Amino acid sequence: MKRLAAALTLAATPLAAQDGGFVEANLLGIFYHELGHAVIDIEGVPIFAQEEDAADVFSIFLIDAYWEEDSAENMAYHAASGFWAEAMWRDQEGGHIAWWDSHSPDERRFFNTVCLFYGANPEARQEFAEEMNLPEERQDYCPQEYDLAAESWGGVMEAMIERGAGETFVLKGEDSLTLGLLKDGVAALNAEMSLARPLTIAVEHCGEANAFYDPEAVQVTMCLEFEAHLKGLEQILAR
Ligand SMILES: [Zn+2]
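Here is a short report on the structure shown in this document. (Residues numbered from 1 in each chain as written. Predicted model: local features only at pLDDT ≥ 70, side-chain atom pairs only at ≥ 80, totals over all residues. Heavy atoms only, no water.)

**What to know about the nonpolar core**
Operational definition: In these notes, a set of buried Ala, Val, Leu, Ile, Met, Phe, Trp, Tyr and Cys residues joined through side-chain atoms within 4.5 Å is what counts as a nonpolar core. Here's how the labels work: a residue is buried when its accessible area is under 20% of the maximum for its type, exposed when over 50%, partly exposed in between, all with a 1.4 Å probe on protein chains only. Segments assigned H or I by DSSP are reported as helices when at least four residues long, segments assigned E as strands when at least two residues long, and all are numbered from the N terminus. Two residues form a contact once any of their heavy atoms are found within 4.5 Å.
Formed by 69 residues in total, the largest nonpolar core has its most connected members in Phe31, Leu35, Val39, Trp153, Phe169 and Leu199. In terms of residue count, helix H1 (residues 22-42) provides more of this core than any other element does, 13 residues in total. With residues up to four places along the chain from it excluded, the contact list for Trp153 reads Gly36, Val39, Ile40, Val45, Ala54, Val57, Phe58 and Phe61.

**A short note on the state of the cysteines**
Rules: When the sulfur atoms of two cysteines come within 2.5 Å, that pair is taken as a disulfide.
Evaluation of the coordinates by the stated rule reveals two disulfides. Between Cys115 and Cys142 runs a disulfide, and the two sulfur atoms are separated by 2.0 Å. Judged by the sign of its S-S torsion, about -120°, the bond between Cys115 and Cys142 is left-handed. Placement of Cys115 in helix H4 (residues 106-120) and of Cys142 in helix H7 (residues 142-162) is noted, with a sequence separation of 27 residues between them. Among the residues examined, Cys115 registers a relative accessible area of 0% and is labelled buried. Residue classification places Cys142 among the buried positions, given a relative accessible area of 0%. Here Cys206 connects covalently by a disulfide to Cys223, the sulfurs 2.0 Å from one another. On the sign convention where negative means left-handed, the S-S torsion of about -100° between Cys206 and Cys223 marks this disulfide as left-handed.

**Some thoughts on helix H8 (residues 177-192)**
Rules: By definition here, a helix of n residues has an expected span of 1.5 Å times n minus one.
Taking 1.5 Å per residue as the helical rise, H8 with its 16 residues ought to reach 22 Å, and the 24 Å between its terminal C-alpha atoms agrees with that figure. For H8, the set of buried residues is Thr178, Leu179, Leu182, Gly185, Val186, Leu189 and Asn190. Buried residues in H8 make contact with H1, strand E1 (169-173), strand E2 (199-204), strand E4 (219-223) and helix H9 (225-238).

**What to know about the coordination of the zinc ion**
To keep things clear, this is the line we draw: For Na, K and Ca the donor cut-off is 3.2 Å, while for other metals it is 2.8 Å, and in both cases only N, O and S atoms qualify; water is not among them, so sites may look incomplete.
His33 (NE2), His37 (NE2) and Glu52 (OE) make up the full set of protein donors to the zinc ion, lying at 2.0 to 2.1 Å. For the zinc ion, the donor residues sit on a single chain with the sequence spacing H-x3-H-x14-E. Highlighted residues: His33 and His37, both in helix H1, separated by four residues, approximately one helical turn. An identical accessibility class is assigned to His33 and His37; each is buried.

**A short note on the side chain of Thr221**
Heads up, the rule is: Counting of polar contacts relies on pairs of N or O atoms within 3.5 Å, with two restrictions inside protein: one atom must be capable of donating a hydrogen and the other of accepting it, and residues adjacent in sequence are counted only when both atoms are side-chain atoms.
Looking at the secondary structure, you find Thr221 in strand E4. Among the residues examined, Thr221 registers a relative accessible area of 2% and is labelled buried. At a separation of 3.1 Å, a polar atom in the side chain of Thr221 contacts the side chain of Gln219.

**Considerations on unusual backbone geometry**
Positive phi outside glycine occurs at Asn133, with the angle close to 55°. Mapping Asn133 onto the fold places it in the loop between helix H5 (126-131) and helix H6 (136-139). The backbone of Val218 shows a phi angle near 45°, a positive value even though the residue is not glycine.

**A closer look at the packing of helix H3 (residues 69-92) against H4**
We apply this condition: Lines fitted to the C-alpha atoms define the axes, with helices restricted to the stretch that makes contact. Angles between their N-to-C directions range from 0 to 180 degrees. Note that the term roughly parallel is reserved for angles under 35 degrees, roughly antiparallel for angles over 145, roughly perpendicular for angles of 65 to 115, and oblique for everything else. Should the near helix be turned counterclockwise from the far one by less than a right angle, the crossing is left-handed, whereas a clockwise turn marks it as right-handed. Any residue outside Ala, Val, Leu, Ile, Met, Phe, Trp, Tyr, Cys, Pro, Asp, Glu, Lys and Arg is labelled polar, Gly included; the first ten of those are nonpolar and the last four are charged.
Where H3 contacts H4, the two axes come as close as 8 Å, and the packing angle between them is 165°. Here H4 runs roughly antiparallel to H3, going by the angle between their axes. Once H3 is placed against H4, the crossing between them reads as left-handed. Of H4, the residues touching H3 (which contributes Ala72, Glu73, Ala76, Ala80, Ser81, Phe83, Trp84, Glu86, Ala87 and Arg90) are Asp106, Glu107, Arg109, Phe110, Phe111, Thr113, Val114 and Phe117. Class assignment of the residues belonging to the contact of H3 with H4 gives a composition of 10 nonpolar, two polar and six charged.

**Section: the pairing of E1**
Heads up, the condition is: Strands were regarded as paired on the criterion that DSSP finds at least two bridges between them. The crossover handedness rule: strands pointing away from the viewer, path from first strand over the helix to second strand clockwise, crossover right-handed.
Strand direction decides the pairing type here: E1 and E2, joined by five bridges, are parallel. Across the sheet, residue Lys172 finds its bridge partner in E2, namely Ala202. A crossover connection joins E1 to the parallel E2 through H8; in handedness this β-α-β unit is left-handed.

**Some points on the pattern of salt bridges**
Quick note on the threshold: Salt bridges are defined by distance alone: a side-chain nitrogen of Lys or Arg within 4 Å of a carboxyl oxygen of Asp or Glu.
Inspection of the entire model under this criterion finds seven salt bridges. Measuring nitrogen to oxygen at the nearest pair gives 2.7 Å for the salt bridge that ties Glu107 to Arg90. In this pair, Glu107 sits in helix H4 while Arg90 sits in helix H3, placing the two residues 17 residues apart along the sequence. The pair formed by Glu107 and Arg90 is uniform in burial state, with each residue classed as buried. Residue Glu145 pairs with Arg138 through a salt bridge whose shortest N-O separation is 2.9 Å. Given a relative accessible area of 28%, Glu145 falls into the partly exposed group. Connected through salt bridges with shared partners, the residues Asp64, Glu69 and Arg125 form a single ionic network.

What is shown is where atoms sit, not what they do.
Here it is in structure tokens:
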């Protein structure tokens, strides 16, 4: 792992793609984020700030809770790097931070992801925090931030787990890298918990690299175009 060259500026080569798994980790991270929107809707979770931030927290919470340490760290590394790469890409294209957007700026999503993952297990992840240039001023608060996330999302997950195994996560779509990845993830969720209402997870072409939750259809859509977009981001990091 190479170090971030600078914590708060987009340096020329801030982050290099770690050996493999960038695309896969980001596809899962994005899926968990969309699942966050779905759970907020289906389970009626009250949210008192930006829902986009809450969905990011849910994503990193699942990565920490569901993956063994090595895989979890690899996933968190790549998911955070994905945000960093988006920011680099935006800058390369001459774009600006869209302050009006409901998502936090990518640089902020990067540090929030790093902080929460570090905060979940600070003893084991000190090196990770340093590798990702998480300033000490923020490090100090990360365990607290994680505890709040775990209390909030942990309660929601418990209610889903109490319902027992089921088939409320319904996956459909085209054979692809995304579908293959989600098959295991969805099976693991069904084996352990049930939603109050069934959720469709569709893997399909949308005409754009996107992923979204539609509350009317109760459906998460993972656009197949995301795979190529993520490969492009991986190239940006490798440069
Ligand atoms: Zn979202």
